[in-house]
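Structural description and commentary
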Amino acid sequence: MTQEELFKNLIAHTKEYGFIFPSSEIYDGLGAVYDYGQLGSELKNNIKKYWWDAMVRLNENIVGIDSAIFMHPRIWEASGHVGAFNDPLIDNKDSKKRYRADVLLEDYIAKLEEKINKDVEKGRKKFGEAFDEAQFRATNPNVLRNVNKINACKERMVEALNKNDLDALKQLILDCEIVCPISGTKNWTDVRQFNLMFSTQLGSVSGESGTIYLRPETAQGIFVNYLNVQKTGRMKLPFGIAQIGKAFRNEIVARQFIFRMREFEQMEMQFFVKPGEELEWFAKWKETRLKWHKAIGMGEENYRYHDHDKLAHYANAATDIEFNFPFGFKELEGIHSRTDFDLGRHQEYSGKKLQYFDPEKGENYVPYVIETSIGVDRTVLAVLSGAYKEEKLENGEERVVLKFHPALAPVKLAVLPLVKKDGLPELAREIMSDLKLDFNCQYDEKDSIGKRYRRQDAIGTPLCITVDHQSLEDKCVTLRDRDTMAQERVPIADLYRIVEEKVSMRNLLKQVR
Ligand code: GAP
């Protein structure tokens, strides 16, 4: 099965089992907006709790806030979003379809990479065991031609984007002979900049003066509260402020399911440090954040850093943590050393001092900032795509299983009476009524036990217990493990301890403390 087919199956699976639904589906949906269903919300909440506890609870010098989505419009001028939070857009005059110019070019590069991979696979088949991939890539004329095309395209694209040269972007699209996927023609308009912020009107004020924005990132809510938190929390450098919240971007190319949405959630942390110490802290946060991801258990090889060569003018270091999504390695989290840019700009635009009095130095200065910024929805997608397995079992049966880390699984335990009579449902309910005080449990008495196990596998429940006739006598139940499918007999009295050991968030937090 190709990665593309697997991804389609995953999307269908998340809908079928109540994880993620297209928004407003009965009205034919709303582009790039999704709703989380009964299991998706549990998964999302567990991910948010893991992040919050790892950042705020485990670090004595990080505190969490919850700032408003609406903010003073000047904030977005100061942050640079009004002037420069743009995507370069181009229309095809025949299909009337609109595209992001850089995405058209990225797709062109991806097609060339696909061609290279096909050539490599052909070579592998032709030469068999004697095949030396590195040598083939270094010498095969087709591969070399396509590599040169890719490099030339990337170089021109980066230069045009950095210089904001929209004519050069259009010329590159023409030179690469990129056609519209709908009309098949090269009849393109000029490239224009399009601001990604959604705007609305505040109260009764109409016109320009009443225009406010839905925040495109949560970070600015932290910056403008820097002094409030520092003073009221008596925070000493270095210290961090974290927040989880919604952000909105009018993405033009919205695709790949919940990877790029118009309404999404971010988990951001700004870590304020003494100027000069920022690169040390940047390295530390880079390492700490990768550890957080790896602990989730979706395969260490599926994460990598992508250090930025070209830095924004205010940054002195930047990296992305990328995850190997079904459509390739893509950004999951950004870690940026943002110097004193944001606080400096808010100081300038608001006219209020946003400084720190350093008792050791006896002077005031604007702190430097390391930012860690991760999308909740992208993490949900990474976890879902890493966990989704279509397995063929030894007995020839097939199962779809979501191998979530137990601490993130939406349902921790299924309680299953073997039959719907003889007092088994009553005992099962009694067991569950106690366990549900601590764990999200599901009770299921319908269909054969095998079918019920499959249903729980499909939603990633780490443990199932079956209550049978013997349970009435020996006060034991059969405990079944999702991953190994092994079953063992355990006393009802031990269930709390066993489930707690398996699903506790402590198991994740211990790895990142
Ligand atoms: N404050 C910095 C900032 O917002 P960003 O790289 O634009 O940086 C940070 O966004 C993270 O937010 C990304 O790594 C990604 O996980 C998530 N994100 C950004 N745009 C998104 C979108 N349209 N849909 C879903 N997640 C998005």
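About the criteria used
- Residues numbered from 1 in each chain as written.
- Predicted model: local features only at pLDDT ≥ 70, side-chain atom pairs only at ≥ 80, totals over all residues.
- Heavy atoms only, no water.
- Helix = DSSP H or I, 4+ residues; strand = E, 2+ residues; numbered from the N terminus.
- Buried < 20%, exposed > 50% of the residue type's maximum accessible area, 1.4 Å probe, protein only.
- Contact = heavy atoms within 4.5 Å.
- Domains from an automatic or database assignment.
- Pairing = 2+ DSSP bridges.
- Axes fitted to C-alpha atoms, helices over the stretch in contact; angles between N-to-C directions.
- Parallel < 35°, antiparallel > 145°, perpendicular 65-115°, else oblique.
- Left-handed = near helix turned anticlockwise from the far one by under 90°.
- Near = heavy atom within 4 Å.
- Polar contact = N/O pair within 3.5 Å; in protein donor to acceptor, adjacent residues only side chain to side chain.
- Areas by Shrake-Rupley, 256 points an atom, 1.4 Å probe, with all protein chains shown as cover.
- Nonpolar A, V, L, I, M, F, W, Y, C, P; charged D, E, K, R; others polar.

Once that is clear, we can look at the overall build of the chain. Per the secondary structure count, the chain includes 18 helices and 23 strands. Seen along its three principal axes, the alpha-carbon backbone of the chain occupies a region of about 80 × 70 × 50 Å. Expressed as a percentage of its 513 residues, the buried residues of the chain come to 49%. A separation of at least 24 residues holds for 65% of the contacts in the chain among residues at least 6 apart in sequence.

Taken domain by domain, the chain consists of domain 1 (40–68 + 216–392), domain 2 (90–194) and domain 3 (393–512). Distance from the C-alpha centre of domain 2 to the C-alpha centre of domain 3: 50 Å.

What follows is about unusual backbone geometry. Glycine aside, the phi torsion of most residues is negative, and most peptide linkages are trans. Note the cis peptide between Leu237 and Pro238, where omega equals -5 degrees. The phi dihedral of Lys96 is positive, around 65 degrees, even though this residue is not glycine. With respect to the element layout, Lys96 can be found in the loop between β4 (86–91) and β5 (98–100). Phi is positive for Lys475, which is not a glycine, with a value near 55 degrees. The residue Lys475 is located in the loop between α16 (469–474) and β22 (476–481) in this model. For Lys475, a relative accessible area of 48% corresponds to the partly exposed category.

By secondary structure assignment, the location of Ser67 is in the loop between β3 (62–65) and α3 (73–78). The contacts of Ser67, once residues within four sequence positions are left out, are Arg215, Gly221, Asn225 and Gln243.

Turning next to the side chain of Ser23. Topologically, Ser23 is positioned in the loop between β1 (20–22) and β2 (34–36). On the basis of relative accessible area, Ser23 is assigned to the buried category, the value being 7%. In contact with Ser23, not counting residues within four places along its chain, are Gly29, Leu30, Val33, Tyr34 and Asp35.

This part takes up the sheet that holds β5. Reading across from one edge, β5-β4-β6 is the order of the three strands in this open sheet, with antiparallel pairing throughout. The strands lining the two open edges of the sheet, one partner per strand, are β5 and β6 (192–195). Pairs of neighbouring strands in the sheet enclose a mean axial angle of 45 degrees, with direction left out of account. Relative to β5, β4 is paired through three bridges, and the arrangement is antiparallel. By the bridge assignment, Leu89 is partnered in β5 with Arg100. The sheet contacts of helix α5 (residues 101–127) involve β4 and β5, and relative to β5 the element is tilted by about 70 degrees.

Within the secondary structure, Leu311 sits in the loop between β11 (303–307) and β12 (317–325). Once the C-alpha coordinates of Leu311 and His336 are considered, the two residues, 25 residues apart in sequence, prove to be 9.6 Å apart.

With that settled, the discussion passes to the packing of helix α1 (residues 3–16) against helix α13 (residues 376–387). Contact pair α1 / α13: the axes reach a minimum separation of 11 Å and the direction vectors enclose 110 degrees. In terms of their interaxial angle, α1 and α13 are classed as roughly perpendicular. In this structure, α1 crosses over α13, and the sense of that crossing is right-handed. Across the interface between the two elements, Phe7, Leu10 and Thr14 from α1 touch Leu381, Leu384 and Ser385 from α13.

Here we come to the site of the ligand. In the vicinity of the ligand there are 19 residues, among which Glu217, Arg249, Met261, Glu268 and Glu331 approach most closely. The contact in question runs from a nitrogen atom of the ligand to an N or O atom on the side chain of Glu217, over 2.6 Å. Considered on its own, the ligand offers 550 Å² of accessible surface; in the complex 90% of this is hidden by protein. Listed by contribution, the elements that provide at least two residues to the shell around the ligand are β10 (263–273), β13 (328–337) and β16 (368–375). Tallied by class, residues from the shell around the ligand come to six nonpolar, four polar and nine charged.

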